[in-house]
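Examination of the molecular architecture
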Amino acid sequence: MENQVLTPHVYWAQRHRELYLRVELSDVQNPAISITENVLHFKAQGHGAKGDNVYEFHLEFLDLVKPEPVYKLTQRQVNITVQKKVSQWWERLTKQEKRPLFLAPDFDRWLDESDAEMELRAKEEERLNKLRLESEGSPETLTNLRKGYLFMYNLVQFLGFSWIFVNLTVRFCILGKESFYDTFHTVADMMYFCQMLAVVETINAAIGVTTSPVLPSLIQLLGRNFILFIIFGTMEEMQNKAVVFFVFYLWSAIEIFRYSFYMLTCIDMDWKVLTWLRYTLWIPLYPLGCLAEVIQSIPIFNETGRFSFTLPYPVKIKVRFSFFLQIYLIMIFLGLYINFRHLYKQRRRRYGQKKKKIH
């Protein structure tokens, strides 16, 4: 008795240049896969939804494809790749508008058109970078040097902020609230070192050592250093306030996860818990480390008159530094928006959106 001919489950996805089909058949034997007159023909012996049988299907593509399909057999499925003749996005896979019952989207590989364009640009950028590196020297050597340099930079920053975080935590556990008021004199030198070293991060982005945008990195660098060197560094009245403890604690809490994540990235390691913390912890902590210290410093600069000046004759108007701080507060919200938008895009790119139902 001949085996019954049945249709397997087929899942598909696309990129601008390629089509991907996944045929749910295990233990496939003697597959016959070909494309004639823009129609994909598949026939194979294997184990599918109806047991061990001969399964086959035919798909007429929406647009022209190259007649040389490439397939790979695995223990559980058959993966088929088909090249489009013209690089473009298709609204559906088949020429007929009604989707065949055995065909469904492959959500494991599915991308929207905009995401696919981003992937295509990334691949093109990677290709151009590879060509540039090949023209400049051994790509493997240059890549290893770059990764080694970034690993050491992130390691130093991680150790610095870890020292601050552990120091503040231990002091709080021993001294309680009393530890709040001498935080600056205890850890300021290490914070100065870490924040001055952070200039390297902006330089790396500017010269292309990293792919990070320059503007968000520059905004964070200038914002933090303004708080550290101007508000805390020049005002003894601010140095003894509890807000210094909370700002330094928030900064170090954010950075120990960020720099440890970057370190593991340099050696091609991905720890899912750390990755989630790196892309999530900034949501509650980032704004907290930007506003309170500026607001508290305004009346102090107002009272002391520090950095205030009087315009020359005939105007003779005294311009208080606290006025610039109020303008700075407004700029902080703009900077927060830019950095939040950048960080949100990073998080969305990493974790994506919930999958939509696709025809």
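Basis of the calculations
- Residues numbered from 1 in each chain as written.
- Predicted model: local features only at pLDDT ≥ 70, side-chain atom pairs only at ≥ 80, totals over all residues.
- Heavy atoms only, no water.
- Pairing = 2+ DSSP bridges.
- Helix = DSSP H or I, 4+ residues; strand = E, 2+ residues; numbered from the N terminus.
- Phe/Tyr/Trp six-rings, centres within 6.5 Å; stacked < 30°, edge-to-face > 60°.
- Buried < 20%, exposed > 50% of the residue type's maximum accessible area, 1.4 Å probe, protein only.
- Lys NZ or Arg CZ within 6 Å of the ring centre and 35° of its normal.
- Core = buried A, V, L, I, M, F, W, Y, C linked by side-chain atoms within 4.5 Å.
- Salt bridge = Lys/Arg side-chain N within 4 Å of Asp/Glu carboxyl O.
- Contact = heavy atoms within 4.5 Å.

**Overview of the pairing of strand β4 (residues 26-36)**
Where β4 lies against strand β5 (residues 39-48), seven bridges are found, and the strand directions are antiparallel. For T36, the partnering residue across the bridge sits in β5 and is V39.

**Digging into the packing of aromatic side chains**
Note on aromatic pairs: each is described by the distance of the centres and the angle between the planes. One pass over the full model with this rule turns up 19 aromatic pairs. A centroid spacing of 5.0 Å and a plane angle of 20 degrees characterise the contact between F42 and F57, whose relative ring orientation is stacked. One end of the pair, F42, is in strand β5; the other, F57, is in strand β6 (residues 51-60), and 15 residues separate them in sequence. Residues F42 and F57 agree in their burial class; the two are buried. Feature note: the residues F165, F172, F180, Y181, F245, F246 and Y249 constitute an aromatic cluster, connected by ring pairs. Positioned above the aromatic ring of Y20 is the side chain of R109, whose terminal nitrogen or guanidinium carbon lies 3.7 Å from the ring centre. Its guanidinium or amino end placed over the ring of Y259, R258 lies 4.6 Å from that ring's centre, counting from NZ or CZ.

**Structural notes on the nonpolar core**
Core analysis: the largest hydrophobic core is formed by 29 residues, its most contacted members being F161, F184, M191, F232, F248 and W251. Among the elements of the structure, α2 (139-175), α3 (183-197), α5 (214-232) and α7 (242-266) are those that each provide at least two residues to this core. For this core, the element with the most residues is α7, which contributes nine residues. In this structure, I33, V65, V78 and W90 belong to the second largest nonpolar core, which totals 27 residues.

**Description of the pattern of salt bridges**
Per the counting criterion, the structure on display carries eleven salt bridges. Note that K147 is salt-bridged to D268, the shortest N-O span being 3.2 Å. Placement of the pair is K147 in helix α2 and D268 in the loop between α7 and α8 (272-280), with a sequence separation of 121 residues. Overall, the relative accessible area of 62% leaves D268 in the exposed class. Among the ionic pairs, R258 bridges to E255, the shortest N-O distance being 2.6 Å. In this pair, R258 and E255 both sit in helix α7, three residues apart, roughly one turn of the helix. Here R258 matches E255 in class, with each residue buried. What emerges from the salt-bridge pattern is a single network uniting E201, R224, E255 and R258.

**Focus on the pairing of strand β7 (residues 70-73)**
The side chains of a regular strand alternate, residue by residue, between the two faces of the sheet. Bridge count between β7 and strand β8 (residues 78-83): four bridges; the pairing is antiparallel. Residue pairing in the sheet places Y71 in a bridge with I80 of β8. Connecting the antiparallel pair β7 and β8 is a turn made up of four residues.

**A look at the environment of L228**
Within the element layout of this structure, L228 appears in helix α5. The sequence separation of L228 and A188 amounts to 40 residues, and the corresponding C-alpha distance is 8.7 Å. If we ignore the near neighbours within four places in the chain, the residues touching L228 are M191, Y192, Q195, G233, F248 and W251.

Bear in mind that shape data such as this cannot, by itself, settle questions of function.
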